[in-house]
Amino acid sequence: MDTPVDRGQYGTMSRSKLCCALRDALVVLVSVTLIGAPAGPAHASASRSSAGWPEPVPVVSRVQTTDPVVFVTIDDGWNHDPAAAKLLLDRRVPASLFLLPGAYSYDDAYFRNLLNHGPVRVENHSVNHPDLSALDAAGQRAEICGARDQHLAKFGDSPRLLRPPYGTYSETTRTAARACGAEALVTWTYDLTTWGSDPVPVPRLKTGDIILLHFNGTVTDDLRRVLDAAAAAGLKPAPLREYIDRW
């Protein structure tokens, strides 16, 4: 006679064996996955690289240095005051000129003379002076890379620093800047531009300060005031691009 089978015991043993088998298979699968995957930061970097997203450039509003220097920057370029050019050349000021292509298109000789006979450098300020943070990635690249290409074609020197119009930017601006050849996004420590009738009081300048001026109707007087204030503080203007390169 056949031996009776305990259906309950048989079912319990089957479920147990099945659970063990599934557990073992899961352990193997997880192990293989972990071994094959890069570590966290490397995986993130690889994903960013494969997606075409370069590392964002640093944002600089003041240079960390012990050298007794300040940095003179002048934006836009609409006003081509001969007295300002003479002051820059006579005092050998290594100013960083964040120019708009439209501002030199009608008289590029003004800036070409400064580049050929002085220590100034032309940097990136976009093509049309928009709020870059309000544009999508494609729009920001068009503005930044477009200005780079026009500067290079006009002056034979590609800009390496970006100043976003109005000082506004997003994380996308920082990555777009890198994609367009910039090494840093530069804002400022003090805006000493005179827009009305009364000049902005010049504070006591400190080592590493970045001064913002504009090529407007008061650029010569503003520049003279800044140079005098720097000398009074025992500081001298230095080339911003070279100091950024040291980072």
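Note that the structure is predicted; figures quoted are calculated from it, not measured.

Formed by 33 residues in total, the largest nonpolar core has its most connected members in Ile74, Leu97, Phe111 and Leu114. Elements with a contribution of two residues or more to this core: strand E2 (69-76), helix H3 (82-90), strand E3 (96-99), helix H5 (108-117), strand E8 (210-214) and helix H8 (219-232). Here this core gets six residues from one element, more than from any other, and that element is H8. When neighbours within four sequence positions are excluded, Ile74 is seen to be in contact with Leu88, Ala95, Ser96, Leu97, Phe98, Leu213, His214, Phe215 and Val219. Judged by nonpolar contacts, the second largest core, of 13 residues, contains Val63, Val69, Phe98 and Ala184.

Turning our eyes to something else, we now look at the confidence of the model for the chain. When pLDDT is averaged across the chain, the result is 84; 78% of the residues are at 70 or more. Here residues 1-51 is a poorly scored stretch, pLDDT under 50, and it has five contacts once near neighbours within four places are set aside; other chains count.

Right, let's get into the pattern of salt bridges. Summed over the entire model, instances satisfying the criterion amount to 14 salt bridges. Salt-bridge contacts for Asp108 lead to Arg112; the nearest nitrogen and oxygen are separated by 3.3 Å. Of this pair, Asp108 and Arg112 both sit in helix H5, four residues apart, which is roughly one turn of the helix. Classification of Arg112 as partly exposed rests on a relative accessible area of 30%. One salt bridge connects Glu183 with Arg160, and the closest N-O pair in it is separated by 3.2 Å. One end of the pair, Glu183, is in the loop between helix H7 (171-179) and strand E6 (184-186); the other, Arg160, is in the loop between helix H6 (137-155) and strand E5 (161-162), and 23 residues separate them in sequence.

So, on to the packing of H3 against H8. Running from N to C, H3 and H8 point in directions that differ by 25°, and their axes come no closer than 8 Å. The angle between the axes of H3 and H8 places the two elements in the roughly parallel class. Only Val219, Thr220, Leu223, Arg224 and Leu227 of H8 make contact with H3, whose side of the interface consists of Ala83, Ala84, Leu87 and Leu88.

Any two aromatic rings considered together are summarised by their centre-to-centre distance and by the angle between their planes. Inspection of the entire model under this criterion finds five aromatic pairs. For the ring pair Tyr104 and Phe155, a centre distance of 4.9 Å and an interplane angle of 70° mean the geometry is edge-to-face. In this pair, Tyr104 is assigned in helix H4 (residues 101-104) and Phe155 in helix H6, connecting sequence segments 51 residues apart. Neither residue differs from the other here; Tyr104 and Phe155 are each classed as buried. On the basis of an interplanar angle of 85° and a centroid distance of 6.3 Å, the ring pair of Tyr110 and Phe215 is categorised as edge-to-face. One end of the pair, Tyr110, is in helix H5; the other, Phe215, is in the loop between E8 and H8, and 105 residues separate them in sequence. Side by side, Tyr110 and Phe215 carry an identical accessibility label, which is buried. The ring of Phe98 is capped by Arg163, whose NZ or CZ atom sits 4.5 Å from the centre of that ring.

Rules of the game
- Within every chain, residues take consecutive numbers counted from 1 along the sequence as written.
- Under the rules for a predicted model, residues below a pLDDT of 70 receive no local features and side-chain atom pairs below 80 are neither given nor counted, while totals for whole chains, interfaces and linings still include all residues.
- Neither water nor hydrogens contribute to the side-chain values; these are computed over all heavy atoms in the structure.
- In this text, buried Ala, Val, Leu, Ile, Met, Phe, Trp, Tyr and Cys residues form a nonpolar core when linked through side-chain atoms within 4.5 Å.
- Here's how the labels work: a residue is buried when its accessible area is under 20% of the maximum for its type, exposed when over 50%, partly exposed in between, all with a 1.4 Å probe on protein chains only.
- Counting from the N terminus, the helices are DSSP H or I runs at least four residues long and the strands are E runs at least two residues long.
- Two residues qualify as a contact provided that any one of their heavy atoms is within 4.5 Å of a heavy atom in the partner residue.
- One confidence number per residue, pLDDT, is output by the predictor and ranges from 0 to 100.
- Within this document, salt bridges are pairs made up of a side-chain nitrogen of Lys or Arg and a carboxyl oxygen of Asp or Glu, the two lying within 4 Å of each other.
- Axis lines are fitted to C-alpha atoms, over the contacting stretch for helices. Their N-to-C directions set the angle, which ranges from 0 to 180 degrees.
- Here the angle decides the label: under 35 degrees means roughly parallel, over 145 means roughly antiparallel, 65 to 115 means roughly perpendicular, and every other value means oblique.
- Planes of paired rings set the category: under 30 degrees apart is stacked, over 60 is edge-to-face and the rest tilted, where pairs are Phe, Tyr or Trp rings (Trp by its six-membered ring) whose centres lie within 6.5 Å.
- Counting as a charge over the ring demands two things of the Lys NZ or Arg CZ atom: a distance within 6 Å of the ring centre and an angle within 35 degrees of the ring normal.

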